[in-house]
Amino acid sequence: MVHLTVVLSVVCFGTMILSLGILFLPALTAAFIIGKDVILRRFDVNDSVSRRFFRYAAENLKMMKYFPIQLIAMFQAAGIFACGRTGLNGLGYVLAASMAFFFTVLIYAVTYHVFCKPYPEMAEVLIAMFYKVQNLLAVWMLTLVAALFAGVKLLGGAMIVGAIPLILAEAAAFIGIISFRKAGRKLTEAETADIGSELLERF
């Protein structure tokens, strides 16, 4: 787990930083596919984390279809920086909360893509998000903390242990989405077989 955490953190956040955030979505998707194996307890310790990450990132470049949502969050990040320079701290906190929400939407969209079906419609993702509000709040709080404490020190920490909060956020979103699909009887046979009936009984 130490090896997985450090290597996944370095390649994931390194890709995001070096691409100036442009490859955020493919990188997040690749990390979540690896996280899926961790959540379902089938991670192969003998497989190269870095090689899998870059392969999955390349295979999921089409996740850039959600880039407009990311762009909104990035504009809000610029607004937070401007508020800090002008002393409008109250507005900065509002923008941070809003930015965290948009990143939460992206986390749910990527989780839906990884566990359920490719490139889900945003309306379906939003409905699944609000099915379990406590899970939504957990993911939103994680992203809000990241937004409020963003800086060089946080990025340094993310390069070492950033995979841990990512997988925790993925797990919370996964529980909410699967609970929504199970309640609506939308789970396919492939999803049921992939997740396993034993795990599904807990939702």
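A few points on the structure.

Cut-offs used in this document
- Residues numbered from 1 in each chain as written.
- Predicted model: local features only at pLDDT ≥ 70, side-chain atom pairs only at ≥ 80, totals over all residues.
- Heavy atoms only, no water.
- Helix = DSSP H or I, 4+ residues; strand = E, 2+ residues; numbered from the N terminus.
- Rg over C-alpha atoms; globule rule 2.2 N^0.38 Å.
- Buried < 20%, exposed > 50% of the residue type's maximum accessible area, 1.4 Å probe, protein only.
- Contact = heavy atoms within 4.5 Å.
- 1 Å grid on protein atoms, 1.4 Å probe; cavity = no way out; pocket = protein on both sides within 12 Å on 5 of 7 lines; lining within 4 Å.
- Points joined across faces, edges and corners; volume = space filled by probe spheres on them.
- Nonpolar A, V, L, I, M, F, W, Y, C, P; charged D, E, K, R; others polar.
- Core = buried A, V, L, I, M, F, W, Y, C linked by side-chain atoms within 4.5 Å.

1. Overview of the overall build of the protein
From N to C terminus, the protein includes 11 helices and zero strands. A compact globule built from 203 residues should have a C-alpha radius of gyration of about 17 Å, and the protein, at 17 Å, falls within 12% of that. For the protein, the C-alpha atoms occupy an extent of roughly 55 × 35 × 25 Å along the three principal directions. By residue count, 45% of the 203 residues in the protein fall in the buried class. For the protein, the share of sequence-separated contacts (at least 6 apart) that also reach a separation of at least 24 residues comes to 74%.

2. So, the layout of surface pockets
Approximately 1400 Å³ is the volume found for the largest pocket. Lining the largest pocket are 42 residues, with A146, A147, A150, L154 and L155 positioned closest to its centre. Of all the elements in the fold, those that place two or more residues in the lining of the largest pocket are α1 (2–18), α2 (24–39), α4 (67–86), α5 (89–115), α7 (133–148), α8 (152–161) and α9 (163–183). Element by element, the count of residues in the lining of the largest pocket is highest for α5, at eight residues. Looking at the lining of the largest pocket, its residues break down into 33 nonpolar, nine polar and no charged. Of the voids in this model, the second largest pocket is the one considered here, and its volume is about 150 Å³.

3. Notes on the nonpolar core
Residues L8, C12, L28, F53 and Y108 are the most contacted members of the largest nonpolar core, which totals 53 residues. When residues of this core are traced back to their parent elements, those giving at least two are α1, α2, α3 (49–59), α5, α6 (122–129), α7, α9 and α11 (197–200). It is α9 that contributes the most residues to this core, 10 residues altogether. Not counting the four nearest positions on each side in its chain, C12 is found in contact with A27, A31, F53 and L166.

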